Amino acid sequence: MSKKNLKDIPRIKLGHFPTPIEHLKNISEYLGGPQIYIKRDDCTGLATGGNKVRKLEFLMADAVNQKAELVVTIGAVQSNHARQTAAAATLLGIKCLIILEHRIDSPPEEYLNSGNVFLDRVFEAQIEHCPKDRDVKEYAAERVEEIKKEGTNVYFIPGGGSNKIGALGYVECINEIIHDPQGIQFDHIIHGTGSSGTQAGLLAGRKYFNYNVPITGISVRFKKDIQEEKVFTEAKSTCEFLGCDVLDRSEVVAFDDYVGPGYGLPTDAMIEATKLLAKKEAILLDPVYSGKGFAGFMDLISKNYFKKTDKVLFIHTGGAVSLFAYEWAFKGKLVS
Ligand SMILES: Cc1ncc(COP(=O)(O)O)c(C=O)c1O
């Protein structure tokens, strides 16, 4: 199969691209190296931004081409993906149904109603809750079939917008990094990894554009081998879809040491990382993804995973909206 041109794949403009790459001078100085840069995918525009906007530019174009009347997606209660999907859908005049999965036992009231869930409601998405004893993917598949039987044309977007179409958004991100006007030669890229599409897209983009910079994921949910396999499977199918060389399994690296007690549960390292980036650079991370991602990055620096002279790009995947749903986690840990 010949290599597809990314520009020929249907895409709808939803966000502010390219996102800026900034030098984190204060933190780089404070740590004494490496030189840390940040790609501001928290500033992708739509509905306070985040990494899903890139994916949704391709996914929503596919939905529109298929004449979807309703977009259905799934996510955790504080899903940033759900919020961005609700925003994209309302913008395009498509209805949106979000099926929320309860991954945290007995969460505080803010977790259930503030942050992303609050914005889902502002965007008038319909919200359903997956029963506790059900697998959310199976439950959503059943709901989609029921709704289709009623005569509605449904487009289903998997959790995190992670499939070979959504991942194209992060193939495009590599294109942006290569063509950034500052022309910085990075030695490493690092970011938080969850449903896998971001890292899969970056790794597929690395192959597609022949950009040989290592990319490390910090897992926020699954063990290393499971996460790496998820990323590999999706990156492989994205490469096959694009008709470029397929990556080797050894190119996928994810660490699982920073998840803490579980997905969406705060860790001290996440709180420290969030406070550090806020204090030194006035940039907000989020408690579930970018906060744990940055905490992992800080720990790897302390273990000399990078050379002091390296230029390392942290991809800020967004999510700060959920800080409001996690105020309780910071109790007693902020200056009063
Ligand atoms: C803020 C934020 N960062 C990172 C991720 C992880 O990206 P991915 O699901 O593509 O692995 C997510 C996913 O939901 C997210 O919302």
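Conventions used here
Residues numbered from 1 in each chain as written. Predicted model: local features only at pLDDT ≥ 70, side-chain atom pairs only at ≥ 80, totals over all residues. Axes fitted to C-alpha atoms, helices over the stretch in contact; angles between N-to-C directions. Helix = DSSP H or I, 4+ residues; strand = E, 2+ residues; numbered from the N terminus. Parallel < 35°, antiparallel > 145°, perpendicular 65-115°, else oblique. Left-handed = near helix turned anticlockwise from the far one by under 90°. Contact = placed C-beta atoms within 7 Å. Nonpolar A, V, L, I, M, F, W, Y, C, P; charged D, E, K, R; others polar. Domains from an automatic or database assignment. Pairing = 2+ DSSP bridges. Near = placed C-beta within 6 Å. Buried ≥ 20, exposed ≤ 12 C-beta atoms within 10 Å, placed from the backbone.

Caption draft 1: Layout of the packing of helix α2 (residues 52-65) against helix α3 (residues 80-91). Look at α2 against α3: their axes get within 10 Å of each other, and the N-to-C directions meet at 45°. Here α2 lies oblique to α3, going by the angle between them. The two elements α2 and α3 cross, and the hand of that crossing is right-handed. In contact with K52, V53, L56 and M60 of α2, α3 contributes N80, H81, Q84, T85 and A88. Residues belonging to the contact of α2 with α3 are distributed by class as follows: four nonpolar, four polar and one charged.

Caption draft 2: Geometry of the domain arrangement of the protein chain. When cut into domains, the protein chain gives domain 1 (6-50 + 163-330) and domain 2 (52-160). The centre of domain 1, based on its C-alpha atoms, is set 23 Å off from the matching centre of domain 2. Taken residue by residue, the interface counts 36 residues in domain 1 and 33 residues in domain 2. In terms of residue count, helix α7 (residues 168-178) provides more of the side of domain 1 that touches domain 2 than any other element does, five residues in total. Residues that form the side of domain 1 that touches domain 2 fall into these classes: 17 nonpolar, 15 polar and four charged.

Caption draft 3: The arrangement of the sheet that holds strand β10 (residues 311-316) in detail. Taken together, the six strands give an open sheet; going across it, the order is β1-β2-β10-β7-β8-β9, and neighbouring strands pair in mixed fashion. The open sheet has two edge strands with one neighbour each: β1 (21-23) and β9 (253-255). The average angle at which neighbouring strand axes cross in this sheet is 25°, direction not considered. The strands touched by helix α11 (residues 290-302) within the sheet are β7 (188-193), β8 (215-219), β9 and β10, with β7 carrying the most contacts at an inclination of about 140°.

Caption draft 4: Structural view of the packing of α2 against α7. α7 packs onto α2 with a crossing angle of 120° between their chain directions and a minimal axis gap of 7 Å. On the basis of the axis angle, α2 is oblique to α7. Where α2 crosses over α7, the handedness of that crossing is right-handed. Listed contacts from α7 to R54, K55, E57 and F58 of α2 are L168, G169, Y170, E172 and C173.

Caption draft 5: Structural view of the site of the ligand. Near the ligand lie 20 residues; those nearest to it are N80, S195, Y289, T317 and G319. Of all the elements in the fold, those that place two or more residues in the shell around the ligand are α3, β7 and α8 (197-208). Ranked by residue count, the leading element in the shell around the ligand is α8, at three residues. Classifying every residue of the shell around the ligand by side-chain character gives one nonpolar, 18 polar and one charged. Counting contributing residues per domain, the shell around the ligand is built from domain 1 (6-50 + 163-330) and domain 2 (52-160), each supplying no fewer than three.

Caption draft 6: Quick look at α7. Of all the 11 residues making up α7, eight are buried; the element is thus mostly covered by neighbouring parts of the structure. Where α7 is concerned, the buried positions are L168, G169, Y170, V171, E172, C173, I174 and I177. In this structure, the buried residues of α7 make contact with β2 (35-40), α2, α8, α9 (224-242) and β10.

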